[in-house]
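# Residue-level structure breakdown
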Amino acid sequence: MSRNKQEEDPRINGIKTKIRVVPDFPKKGIMFQDITTVLLDPKAFKDTIDLFVERYRDKNISVVAGIEARGFLFGPPIALAIGAKFVPLRKPKKLPGETIFEEYELEYGNDRLEMHVGAVEVGDRALVVDDLIATGGTLCAAIKLLERVGAEVVECACVIELPELKGRQRLKGKPLCMLVEYR
Amino acid sequence: KEKERETMFAAENGLKGDPRLEAISAAIRVVPNFPKKGIMFQDITTLLLDHKAFKHTIDIFVDRYKDMQISVVAGVEARGFMFGPSIALAIGAKFVPLRKPGKLPGKVISESYELEYGHDRLEMHVDAVKPLERVIIIDDLVATGGTLSAAISLMESQGAEVVECACVIGLPEVKGQHKLKGKPLYVLVEPSGLDEFC
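About the criteria used
- Residues numbered from 1 in each chain as written.
- Chains lettered and ligands numbered in written order.
- Predicted model: local features only at pLDDT ≥ 70, side-chain atom pairs only at ≥ 80, totals over all residues.
- Heavy atoms only, no water.
- Disulfide = S-S within 2.5 Å.
- Axes fitted to C-alpha atoms, helices over the stretch in contact; angles between N-to-C directions.
- Helix = DSSP H or I, 4+ residues; strand = E, 2+ residues; numbered from the N terminus.
- Parallel < 35°, antiparallel > 145°, perpendicular 65-115°, else oblique.
- Left-handed = near helix turned anticlockwise from the far one by under 90°.
- Contact = heavy atoms within 4.5 Å.
- Nonpolar A, V, L, I, M, F, W, Y, C, P; charged D, E, K, R; others polar.
- Phe/Tyr/Trp six-rings, centres within 6.5 Å; stacked < 30°, edge-to-face > 60°.
- Buried < 20%, exposed > 50% of the residue type's maximum accessible area, 1.4 Å probe, protein only.
- Lys NZ or Arg CZ within 6 Å of the ring centre and 35° of its normal.
- Buried area = accessible area lost by both parts, 1.4 Å probe.
- Salt bridge = Lys/Arg side-chain N within 4 Å of Asp/Glu carboxyl O.
- UniProt positions renumbered as here; feature names shortened; annotations may be inferred.
- 1 Å grid on protein atoms, 1.4 Å probe; cavity = no way out; pocket = protein on both sides within 12 Å on 5 of 7 lines; lining within 4 Å.
- Points joined across faces, edges and corners; volume = space filled by probe spheres on them.

## Description of the state of the cysteines
The full count for this structure, using the stated rule, is zero disulfides over all chains. Cysteine B:Cys167 is unpaired, with the sulfur of B:Cys165 as its nearest cysteine sulfur at 6.9 Å.

Structural data, given as structure tokens:
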């Protein structure tokens, strides 16, 4: 399974059919991948979580880091099922305690991802979760944050990949597991 | 009304002495002076770091709602997203995110609510909830009830029935604000800290 795609599993197609594509959001030319319609289908949502849980439960993952905000929809259920901590990676000024941050590029300008100091420890084995990987910029920032505090990022997990944006190559060599490609 | 407020806590609704409630309370961190001086912020991120206590939180809500024919769990962005989906999955309900303006890509309805200074809006996709669906609304904490009240309005505008609003932390009704449009509120723990709460 060199591309880490769950190619054979029949649940994948059920999930794919539930993703709604919204043209021209947030701006013209973008075909937005809306996962809220997956969340409206209890079976498709459960299958999504189950596929990740089956993959990670025997890998001694101690922390699931989810990227705000759609990573918060998938990360905590995975964390609970595999016995890991959940750590939210947030936009600036949302986390109340002492934080560290990593900058990443947007189309115009930069943004920041923040994590609480002390949430992740040296030796933690981490999974990074988001709904979708596009350019990989946000995931790369997440990997850097986790590695800075001494965690080992085992894998990045996304429901959807936009392979044409080559985000997979920007993950500092970390593997990506995704369920559905959109071309 | 007074009696309703007194019984919103889990400990007065069948879970008196339940050790899980103490574990949950102990796992919540208080951050003084956030977002501004005088506020004792109730930080649930430390609860999410405590797998057992996090699981207890979800289990208590699941046990309460699993036999109530709930078809929708609605979660308020962003901390409601950390609790709502796990509850929805366990009880076989849909999860509906209630979001800040401009985040949801499809056609939305919105409801405004008051902040300390000014207003904000909560949005929901128009096709998310159907008439007569039974809904619970989740957030990490209830203070004035303004956000939950807006969420209730969104549900009712679609003809759905809000069965209950559920929060991990509930502020005591010292301020006298309890705008939940007559809907019951279920809360696991009181806040820790002194004086002002957020």
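## What about the packing of helix α4 (residues 71–82) of chain A against helix α4 (residues 51–65) of chain B?
Where α4(A) contacts α4(B), the two axes come as close as 10 Å, and the packing angle between them is 110°. If you check the angle between α4(A) and α4(B), you find them roughly perpendicular. For the crossing formed where α4(A) meets α4(B), the hand is left-handed. On the side of α4(A), the interface is formed by A:Pro76, A:Ala79 and A:Leu80, while α4(B) contributes B:His51, B:Phe54, B:Lys55 and B:Ile58. Classifying every residue of the contact of α4(A) with α4(B) gives five nonpolar, one polar and one charged.

## Description of the packing of aromatic side chains
A complete count under the given rule lists seven aromatic pairs over all chains for this structure. Their ring planes at 90° and their centres at 6.1 Å tell us that B:Phe81 and B:Phe95 sit as a pair that is edge-to-face. Highlighted residues: B:Phe81 in the loop between β3 (72–76) and α5 (84–91) and B:Phe95 in strand β4 (residues 94–98), separated in sequence by 14 residues. Of the residues examined, B:Phe81 reaches a relative accessible area of 1% and is grouped as buried. A cation over an aromatic ring shows up here: A:Arg112 above the ring of A:Phe101, its NZ or CZ 3.6 Å from the ring centre. The ring centre of B:Tyr186 lies 3.8 Å from the NZ or CZ of B:Arg64, which sits over that ring.

## Quick word on the interface of chain A and chain B
One widely used convention gives an interface's size as the accessible area the parts lose upon coming together. In this complex, chain A contributes 35 residues to the contact, which on the side of chain B involves 35 residues. The contact between chain A and chain B buries some 2,800 Å² in all, and 70% of this surface belongs to carbon and sulfur atoms. For chain A, the biggest contributors to the area lost against chain B are A:Leu40, A:Leu80 and A:Pro96; these three give 23% of the whole. Close ionic contact of B:Asp127 with A:Arg20 constitutes a salt bridge, the shortest N to O distance being 3.1 Å.

## Brief notes about the UniProt feature "domain: Phosphoribosyltransferase" (unreviewed entry) in chain B
The sites that UniProt annotates as "domain: Phosphoribosyltransferase" (unreviewed entry) are residues 51–172 of chain B. Split by type, residues 51–172 of chain B is 29% helix and 35% strand. Its first and last C-alpha atoms lie 27 Å apart.

## What about empty space enclosed by the protein?
Counted according to the given criterion, the structure contains six cavities of 30 Å³ or more. Computed from the structure, the largest cavity encloses a volume of approximately 70 Å³. For the largest cavity, the full set of lining residues is A:Phe32, A:Gln33, A:Asp34, A:Ile35, A:Thr36, A:Arg70, A:Leu73, B:Pro97, B:Arg99, B:Lys103, B:Leu104 and B:Pro105. Taken together, the residues that form the lining of the largest cavity break down as six nonpolar, two polar and four charged.

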